[in-house]
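What follows is the residue order along each chain.
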Amino acid sequence: MERDDHLAADGTDAVAMRAALVRLRRATGLPVAFGGLVDQGRALRISELSGTATTALAALSVPSGNGLGGKATALARPVAVTDYSSSRHISHEYDAAVAAEGLRSVLAVPVVVRRRVRGVLYGALRTAHPLGDRTLSAAVGVARDVEQALVVRDRARELETAREPASGPGGPDAVVAWERLREAHAALRALTSRVTDPEVQAELVALCDRLAAGPDGPSEVRLTPRELDVLSCVAAGATNAATAGRLGVRPETVKGYLRDAMRKLGAHTRLEAVVAARRAGLLP
């Protein structure tokens, strides 16, 4: 019986990987997808399976350079083979596991964040059929979505760290930490709007709201997500043009969102709007 569920991996980054496997199968038409993240020892660990018939590939550790995934990790670029078991372009430490699953044509696409390979997505056929450029391009597109999600999660972790100042309230380190928090919050909101997975996006929006929440609970002021995106950029010192670049909109659109936010907050200037939003618990 074919398995469509995914084997869970530790850590919140695995959420993005699990969702990516479903998208990879849908985008490429490949019946089997699997993958995982690179662990602290710099080895890829296969933790997520989709469309597999066995658990032969589960929990495999793939050091850089070994097999197809290790080659993709070492080169930091996609690689593919038409017949895995007979390919002369890869090493064959994992032939038994691949044969147990009945895989022949396999592609591996690295997930690269800040020039470091963070994981690998695989797609496979159970027949020896060349995987064309369209299939490879679709797989690369899914990997780019994962990269974006990991960047957002990295920002979220930075926010959590900045949330706890080093020298207590009022100290110089606390001021620096709060400024870092606000800058990261603005970047996180901008990145969140680009995430395509709805579950991941909802989780990140909730994190933004939690980090910004004031001691008096939810504010009575209701700003739209885009108004909050604009205000968070303004709070971090961005100009209208810079804000437009971050959010992928026109400067005139930014002005419109800012004008609406100021009206709702009863503010007459950008600075007043930022202060009012912070008092209302809408910004950190």
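Residues numbered from 1 in each chain as written. Predicted model: local features only at pLDDT ≥ 70, side-chain atom pairs only at ≥ 80, totals over all residues. Heavy atoms only, no water.

Describing the overall build of the protein chain
Helix and strand counts for the protein chain stand at 10 helices and six strands. Counting across all 284 residues of the protein chain, residues that qualify as buried make up 48%. Contacts in the protein chain between residues at least 24 apart in sequence constitute 61% of all its contacts with a sequence separation of at least 6. Per element, the accessible surface of the protein chain, about 13,900 Å² overall, is 53% carbon and sulfur. (Helix = DSSP H or I, 4+ residues; strand = E, 2+ residues; numbered from the N terminus. Buried < 20%, exposed > 50% of the residue type's maximum accessible area, 1.4 Å probe, protein only. Contact = heavy atoms within 4.5 Å. Areas by Shrake-Rupley, 256 points an atom, 1.4 Å probe, with all protein chains shown as cover.)

A closer look at the pairing of strand 2 (residues 43-50)
Successive side chains on a regular strand alternate, one facing one side of the sheet and the next facing the other. Across the eight residues that make up strand 2, a large majority, seven, are buried. For strand 1 (residues 32-38) and strand 2, the ladder comprises six bridges, and the chain directions are antiparallel. Counterpart to L37 in the pairing with strand 2 is R45. Here strand 1 folds back onto strand 2, and the loop between the two strands holds four residues, one of which, R42, carries a positive phi near 70°. Alignment of strand 2 against strand 3 (residues 61-63), held across three bridges, turns out to be antiparallel. Pairing of L44 across the sheet is with V62, part of strand 3. (Pairing = 2+ DSSP bridges.)

What to know about the packing of aromatic side chains
As enumerated under the stated definition, the model contains one aromatic pair in all. Ring geometry for F34 versus Y122: centroids 4.3 Å apart, planes at 15°, classification stacked. Pair noted here: F34 is in strand 1 and Y122 is in strand 6 (residues 116-124), with a separation of 88 residues, a long-range link. Like Y122, F34 is buried. (Phe/Tyr/Trp six-rings, centres within 6.5 Å; stacked < 30°, edge-to-face > 60°.)

Re the sheet that holds strand 4 (residues 79-81)
On the basis of which strands lie adjacent, the open sheet formed by six strands has the order 3-2-1-6-5-4 and antiparallel pairing. With partners counted over all chains shown, the strands left at the sheet margins are strand 3 and strand 4, one partner each. With strand direction ignored, the average angle separating the axes of adjacent strands in the sheet is 25°. Sheet analysis places strand 4 next to strand 5 (residues 106-113), joined by three bridges and oriented antiparallel. Within the sheet, the bridge partner assigned to V81 lies in strand 5 and is V106. (Axes fitted to C-alpha atoms, helices over the stretch in contact; angles between N-to-C directions.)

Comments concerning the nonpolar core
Counting residues in each nonpolar core, the largest one holds 22 residues, and the members touching the most others are F34, L68, Y84, L103, V106 and Y122. Mapped onto this core, the elements with two or more residues apiece are strand 1, strand 2, helix 2 (67-75), strand 4, helix 3 (95-101), strand 5 and strand 6. Here V106 is in contact with F34, L68, V79, A80, V81, Y84, Y122, G123, A124 and L131, once residues within four sequence places are set aside. Core analysis: the second largest hydrophobic core is formed by 21 residues, L223, V230, L265 and A280 among them. (Core = buried A, V, L, I, M, F, W, Y, C linked by side-chain atoms within 4.5 Å.)

Here's the deal with the pairing of strand 1
Across the seven residues of strand 1, seven count as buried, placing the element largely inside the fold. For strand 1 and strand 6, the ladder comprises six bridges, and the chain directions are antiparallel. Residue pairing for strand 6: A33 is matched across the bridge by G123.

Some details on the confidence of the model for the protein chain
Mean pLDDT over the protein chain stands at 82; residues scoring 70 or higher make up 82%. Below a pLDDT of 50 lies the segment residues 1-10, which in the model reaches 31 contacts outside its immediate sequence neighbourhood of four places, other chains included. (pLDDT = per-residue confidence, 0-100.)

A word on helix 8 (residues 240-247)
All of the buried residues in helix 8 are N240, T243, A244 and L247. Looking down the long axis of helix 8, one finds its buried residues gathered within 100° of arc, a one-sided arrangement. Exposed residues pointing more than 90 degrees away from the buried face of helix 8 are listed as A241 and G245. G248 sits one or two positions beyond helix 8 and adopts a positive phi of about 75°. (Arc of directions from axis to C-beta.)

Details of the side chain of E48
Following the sequence through the fold, E48 ends up in strand 2. Assessed through its relative accessible area of 0%, E48 is described here as buried. Engagement of the side chain of E48 in a polar contact is seen with the side chain of R18, the distance being 3.3 Å. (Polar contact = N/O pair within 3.5 Å; in protein donor to acceptor, adjacent residues only side chain to side chain.)

Here's the deal with the environment of P251
Tracing the backbone through its elements, the reader meets P251 in helix 9 (residues 251-265). For the pair P251 and N240, spaced 11 residues apart in sequence, the C-alpha to C-alpha distance is 5.7 Å. Residues within four places of P251 in sequence aside, it is in contact with N240 and A244.

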